[in-house]
Amino acid sequence: MRNIKYILFLWLIISCSKDDILEPTPPPPPVLCEVDYSTLQSGINRTSTHYQPSNEVFIDYASMLNVTLSKFGSYGIFSAGGDFNHNSINDYVMVVTDGDNPSNNEVIIVVDNEISLAFASPQVGTRKVSVIDLNQDSYDDIILFGTGPDIGDSPGDKTHVIYLTPNNYTVKEVGLISGYHHTGAVGAIEGTLPDILDIDAQAAFTIGATEKVKYYVNNGSIDGWIQKDTNIPYYLVSSTYQSELYDINKDGILDLILGGHEWAETWYDSSPTPPQWRTHILLGLGNGQFDISNPILLPIIENWGVLTDIDVYDIDNDSNLEIIITRTTGRQMEEYQPWPETFYDGHIIQILKEDNADWYNWQIIEQPSQIFTDQNIHIEWPYVTKIYDVNKDCLLDIVPESDKLNAKSFSSLNNIRGLYYEQQEDNTFKIKYKK
């Protein structure tokens, strides 16, 4: 009997073809997450330019313009995302600044991945581009902050707004005074519509230290901007090249984050009213007034004193805000790291958390080591850092961006093309490259 069972068993094995053997069921493919970027800001922050639901990443702006970026120079492409035809498909604007030949300066609107509008820029030296629907007509508008030529004697630029409707545009000067507006911020400072605050970092020396930083109240009309004074003296912002409006303390009033060159110049010691060179927050008091007597100072990072971007998000989804700062090397001119006598070398990302109104370093994210294979790598520094879920796992990643980091024609950066910092399940960040 036992032999019969054994023979039957052998026959069963032999008679079964390979196709009859059960294979293990493969695991289902991962479910990709689609982050709704319109939900990442709420309340009054949706009336500031930190409300950015239309950002895209890894765009080769130079290729779109049919431009070859072969070396570092005065040519730059500044950009920002928007929805310019109100169809929920992300668009973007590019502003070309050519310091060697300002007649080449141009504004280019890309709608649904096609160039829709291109016209001469109203500025000599654009340094920041912001996008938001200023007049509440459901079409995003563009704000340009400019310095004029970035070096030498400069008449400066006025702040401009480009109002967009389908296939048309209107350019308006908002600033009444030309100045070195390396930065500015947009948000509902007074009322419910986005107002414009521009910061002239040289005004303390050109129009007087007792003058105040200006803001422009928006009444919804393209001709309706009214200039007013904040209570911030110009001397306080003499080292300020980056600024953002955000409701940090969640009281329904926008606060102002200011940063720039984070070191004290020698002349500060002899100044009766020294500038605030530390990166800091001025809490908003409403109607263009800020608590300048009690600035909230943010941590410095030695040798990394040039700020190129400031963001505020709940990046780790713990219901608390984090401040994300992009830094490059910079302090007094005697020494920089890693190469002597250089400027804007590489970058690191500083993420701050709050503990009882005291902000501390939560994470310092180091750049790839291969960035420092070229002593001219200062050409790489990011103009802007975007918060974006690159791999669609519902964890927000960090993408440092500039015209040259994106441009395939800029071969010096081939070894770090597509760089981003991928958030892991434990909320740390890992260097990755988008293929």
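Predicted, not measured: the structure shown is a model, and the values here were computed from it. (Residues numbered from 1 in each chain as written. Predicted model: local features only at pLDDT ≥ 70, side-chain atom pairs only at ≥ 80, totals over all residues. Heavy atoms only, no water.)

K.L.:
Explain the confidence of the model for the protein chain to me, please; I cannot follow it from the model alone.
P.N.:
In regions of low pLDDT, the predicted coordinates are not meant to be interpreted in detail. Per-residue confidence for the protein chain gives a mean pLDDT of 88; residues scoring 70 or more make up 87%. Note on residues 6–14: pLDDT is under 50 here. Beyond four places in sequence and across chains, it has zero contacts. In this model, residues 332–339 is a region of pLDDT below 50 whose contacts with residues beyond four sequence positions or in other chains number 17 contacts. (pLDDT = per-residue confidence, 0-100. Contact = heavy atoms within 4.5 Å.)

K.L.:
Looking at this model, I keep getting lost on the sheet that holds strand 8 (residues 168–173). Mind explaining?
P.N.:
The pairing of strands in a sheet comes from backbone hydrogen bonds and takes either a parallel or an antiparallel form. Strand order across the open sheet formed by four strands is 5-6-7-8, with antiparallel pairing between neighbours. Edge positions in the sheet fall to strand 5 (126–132) and strand 8, since each has one partner strand and no second. Neighbouring strand axes in the sheet, compared pairwise and without regard to direction, differ in orientation by 20° on average. Examined bridge by bridge, strand 5 and strand 6 (residues 141–146) share six bridges and lie antiparallel to one another. Bridged to Val131 within strand 6 is Ile142. (Pairing = 2+ DSSP bridges. Helix = DSSP H or I, 4+ residues; strand = E, 2+ residues; numbered from the N terminus. Axes fitted to C-alpha atoms, helices over the stretch in contact; angles between N-to-C directions.)

K.L.:
It is not clear to me how the environment of Gly288 should be interpreted in this structure. Could you clarify?
P.N.:
On the secondary structure map, Gly288 appears in the loop between strand 16 (284–286) and strand 17 (289–290). The exposure class assigned to Gly288 is buried, which follows from its relative accessible area of 1%. What Gly288 contacts, discounting residues up to four positions off in sequence, is Ile189, Tyr215, Asp229, Thr230 and Asn231. (Buried < 20%, exposed > 50% of the residue type's maximum accessible area, 1.4 Å probe, protein only.)

K.L.:
How should the packing of aromatic side chains be read in this particular structure?
P.N.:
Taken as a whole and judged by the stated rule, the model has eight aromatic pairs. Arranged with centres 5.6 Å apart and planes meeting at 80°, the rings of Tyr61 and Tyr92 form a pair that is edge-to-face. Linking Tyr61 in helix 2 (residues 61–64) with Tyr92 in strand 2 (residues 91–98), this pair joins segments that are 31 residues apart in sequence. For the pair Tyr61 and Tyr92, a shared accessibility class is recorded, and that class is buried. Relative to Trp267, the ring of Phe205 lies with its centre 5.6 Å away and its plane at 75°, an arrangement referred to as edge-to-face. With Phe205 in helix 3 (residues 203–206) and Trp267 in the loop between strand 14 (255–260) and strand 15 (280–282), this pair connects stretches of sequence that are 62 residues apart. Among the aromatic residues, ring-to-ring pairing joins Phe205, Trp267 and Tyr268 into one connected group. Across from the ring centre of Trp362, 4.6 Å away, lies the NZ or CZ of Lys353, which sits over that ring. (Phe/Tyr/Trp six-rings, centres within 6.5 Å; stacked < 30°, edge-to-face > 60°. Lys NZ or Arg CZ within 6 Å of the ring centre and 35° of its normal.)

K.L.:
Please clarify how the sheet that holds strand 19 (residues 306–313) should be interpreted in this entry.
P.N.:
Spatial strand order, 19-20-21-22: four strands in an open sheet with antiparallel pairing. Here the strands that pair on one side only, and so sit at the sheet edges, are strand 19 and strand 22 (358–365). In this sheet, neighbouring strand axes are inclined to one another by 25° on average, regardless of whether the strands run parallel or antiparallel. Both strand 20 (residues 322–328) and strand 21 (residues 348–355) contribute to a ladder of five bridges, which runs antiparallel. Bridge pairing in strand 21 links Ile323 to Leu352.

K.L.:
Any chance you could explain the state of the cysteines here in plain terms?
P.N.:
One way to say it: the disulfide is the covalent bond shared by the sulfur atoms of two cysteines. Scanning the model with the defined rule gives one disulfide in all. Disulfide pairing places Cys33 opposite Cys394 at an S-S distance of 1.6 Å. For the disulfide bridge between Cys33 and Cys394, the dihedral angle about the S-S bond is near 50°, and by the sign convention the bridge is right-handed. One end of the pair, Cys33, is in the loop between helix 1 (2–15) and helix 2; the other, Cys394, is in the loop between strand 23 (384–388) and strand 24 (397–401), and 361 residues separate them in sequence. Using a relative accessible area of 14% as the deciding quantity, one classes Cys33 as buried. (Disulfide = S-S within 2.5 Å.)

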